Amino acid sequence: MTRRSGFLNATGVDKDLKALLHRFIIDALEEDRDNLLDGPRVQLSRFVSDKVHDYTRRRQMAVSRYEVDRLTEELVDELTGFGPLEVLLRDDSVSEILVNGPHNIFVERHGVLHHSELRFMDDNHLLRVIQRILAPMGRRLDESSPMVDARMPDGSRINAVIPPVALDGPCLSVRKFSREMMNSSDLIASGSIDQKIFEFFTLMVNKRCNVLVSGGTGTGKTTMLNMLSQLVNERERIVTIEDTAELQLKHSHVVRLETRPPNADGHGDVSARDLVRNALRMRPDRLILGEIRSVEVLDVLTAMNTGHDGSMSTVHANTAADALLRLETLVGFSGLQIQPQTLRQTIQSAVDIVIQLTRLSDGRRCVSEILEVVGLRDEYYVTNTLFRLDPATQGGFIREAVNMAGDKLRNETLRGSATQATLSGGAQMSRSNRYQG
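Please read these numbers as outputs of a predicted model, since none were measured by experiment.

Moving on: the overall build of the protein chain. When helices and strands are tallied, the protein chain shows 12 helices and 19 strands. Sorting the 437 residues of the protein chain into buried and exposed places 49% on the buried side. At a minimum sequence separation of 6, the contacts of the protein chain that also span at least 24 residues come to 57%.

Written out as C-alpha cells, the structure reads:
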C-alpha cells in the first residue's frame, strides 16, 4: 500500500480523503454504544482523534501531529455543527445540496447532480442539524408543522420536510447563495446568451419595457433578473419584493422587501400582495418582484399598467406563450370574475417582453426564447419571436425578427435578419435567419 504524505493543502484537508474519513468516523459512532454527539465536546474530540490516528496508521499515511489535530477539529466541527453539510457549504463549486434522508446526499456542480459519499448517522442526526440551521431564524419544524422554507444568514435558501409527510425520513434542500452573482460577461462566456441578445436586453431596459422571465425550477431566473437589474439607470429608484431575498442588486437606490410567514400562533404574516400594494406608495421607478406565485399578480399587472414601466418579475412556465396563460391562471386564484377578453387585454398591455429560460441536458442554463407581446387578435395573443435557441446545435441562437412590433420598441431595429410574427398557438408567418451565438 502506498504512503501518502502531506494530505492537508492550502484550503484544508484533501476533499476525497476527508469524505472517506467522515464516513469512517460515522460508522464508528454508529457502532459505539455511547451517544457521543450529545456528550461533552472534549470526549467527542478524543474519540475522533483516536479514529483518525487508527485510520492513517492502517493506511500507512505519514502525517504530523499538527495535521491530525487540525483534521480532528474540522471533523468535530462538522459533527457538532451542520454535520456533513459543513464541507459542502464551504465548497464554492457546489450550488445546491439535496438530502434525501440520512444516507443519501446529492450535490449540484455546474448544473449537474452528483451523489456524495457523505452521509448522516441516522434520522435524529439529520434532524438535529436541521434544527441547528433553523434555530437563529426562529422557525418552527415539528410534526404539527412538518414543512419549512427559510433563508440562512448567508442568504442561502433552505427547505426542509420531516415525517409524517416525508416518508423516508427528514429531507433537506439547500440552494446556496452565490457571493458573486453572474454578470453579462459571465452569461455570454457560459453560452447562456450571446452579444446580440445582450444588446437587445440593454435596449429593452433603457426603453422601460415590462419584462417577465419565465422558466422551470433551477433554470436561472433569479440570475437573469439580477443581470437585467444591472442595466437600470443609477438615478432610478428600485423596490424589490421577494419571498426569500436572493437578488443582489448593485444599485445605489434600492429598497429590499421580504415576505414574512405567520408565527407559531398563525398571525403576523406579510404576503407578497401586501408588499406590492405598499411598494406602490414608496415612489418606485421600477418594481422587481422575485416571483409571481399567486393573487399578487393582479397588483403587479396594475402597477405595470399605471406608470411603473420597466418593472420585472419571474414566473414558472414551460414556454414563453405558457407564461402568459400562467398569469391568467393566477388571476383566477383571486376569485374575481373577469371577462377573458378584458383579462387578456390587461396582460397584453402590461407585459412587453417574455424571456424564456431552459436547462439543457449538459447542465447549461440558457435563453430558449425571447418573445415580444404585441397585442390581441381574435382573443389570441399576437407575439413576435425575437430570438430562440437553435434546436439543431443547442449552442447558438436564431434571431427571428429585425423589426420589433410593440409600442415601446416599434421604431427600433435589430440588424441583419428577417421578420416573424405569430399568434399564440398559431403559425409562423415569415422566414428566420440563423446565426451562431
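With that settled, consider the nonpolar core. In this structure, F201, M204, L228 and I353 are the most contacted members of the largest nonpolar core, which totals 37 residues. At seven residues, helix α7 (residues 195-206) tops the list of elements feeding residues into this core. Excluding residues within four positions of it along the chain, I353 makes contact with F200, M204, C209, N210, V211, L212, I370, L371, E372, L386 and L409.

So, on to the pairing of strand β12 (residues 286-289). Burial along β12 is two-sided: the residues R286 and I288 and L287 and L289 are all buried. Two elements, strand β10 (residues 238-242) and β12, share four bridges in a ladder whose sense is parallel. Note on β12: the bridge partner recorded for I241 is L289. Of the pairings in the sheet, the one linking β12 to strand β13 (residues 312-316) comprises two bridges and is parallel in character. Considered in β13, the bridge of I288 is made with M312. Between the parallel pair β12 and β13, the chain is carried across by helix α10 (residues 296-305), and the sense of this crossover is right-handed.

This part is about the side chain of E236. Here E236 lies in the loop between α8 (221-229) and β10. Within the structure, the side chain of E236 is placed 2.7 Å from the side chain of R208, a separation counted as a polar contact. A polar side-chain atom of E236 sits 2.6 Å from a polar atom in the side chain of R286. In this structure E236 touches R208, H251, H253, D285 and R286, once residues within four positions along its chain are discounted.

This part covers the sheet that holds strand β7 (residues 157-161). Strand order in this open sheet of six strands is β5-β4-β3-β8-β7-β6, and the pairing throughout is antiparallel. Every other strand in the sheet has two partners, leaving β5 (112-116) and β6 (147-151) as the edge strands with one partner each. Averaged over all pairs of adjacent strands, the angle between strand axes in this sheet comes to 15°, irrespective of strand direction. Looking at chain direction, strand β3 (residues 94-100) and strand β4 (residues 105-109) are connected through five bridges and run antiparallel. Within β4, the residue paired with I97 across the bridge is V107.

Okay, the pairing of β3 next. In sequence, β3 turns back onto β4 through a hairpin of four residues, with G101 there showing a positive phi of about 85°. Where β3 meets strand β8 (residues 171-175), five bridges bridge the pair, whose relative direction is antiparallel. In the sheet register, N100 faces β8, and the bridge partner there is C171.

What counts as what
- Residues numbered from 1 in each chain as written.
- Predicted model: local features only at pLDDT ≥ 70, side-chain atom pairs only at ≥ 80, totals over all residues.
- Heavy atoms only, no water.
- Helix = DSSP H or I, 4+ residues; strand = E, 2+ residues; numbered from the N terminus.
- Buried < 20%, exposed > 50% of the residue type's maximum accessible area, 1.4 Å probe, protein only.
- Contact = heavy atoms within 4.5 Å.
- Core = buried A, V, L, I, M, F, W, Y, C linked by side-chain atoms within 4.5 Å.
- Pairing = 2+ DSSP bridges.
- Right-handed = clockwise from strand over helix to strand, strands pointing away.
- Polar contact = N/O pair within 3.5 Å; in protein donor to acceptor, adjacent residues only side chain to side chain.
- Axes fitted to C-alpha atoms, helices over the stretch in contact; angles between N-to-C directions.

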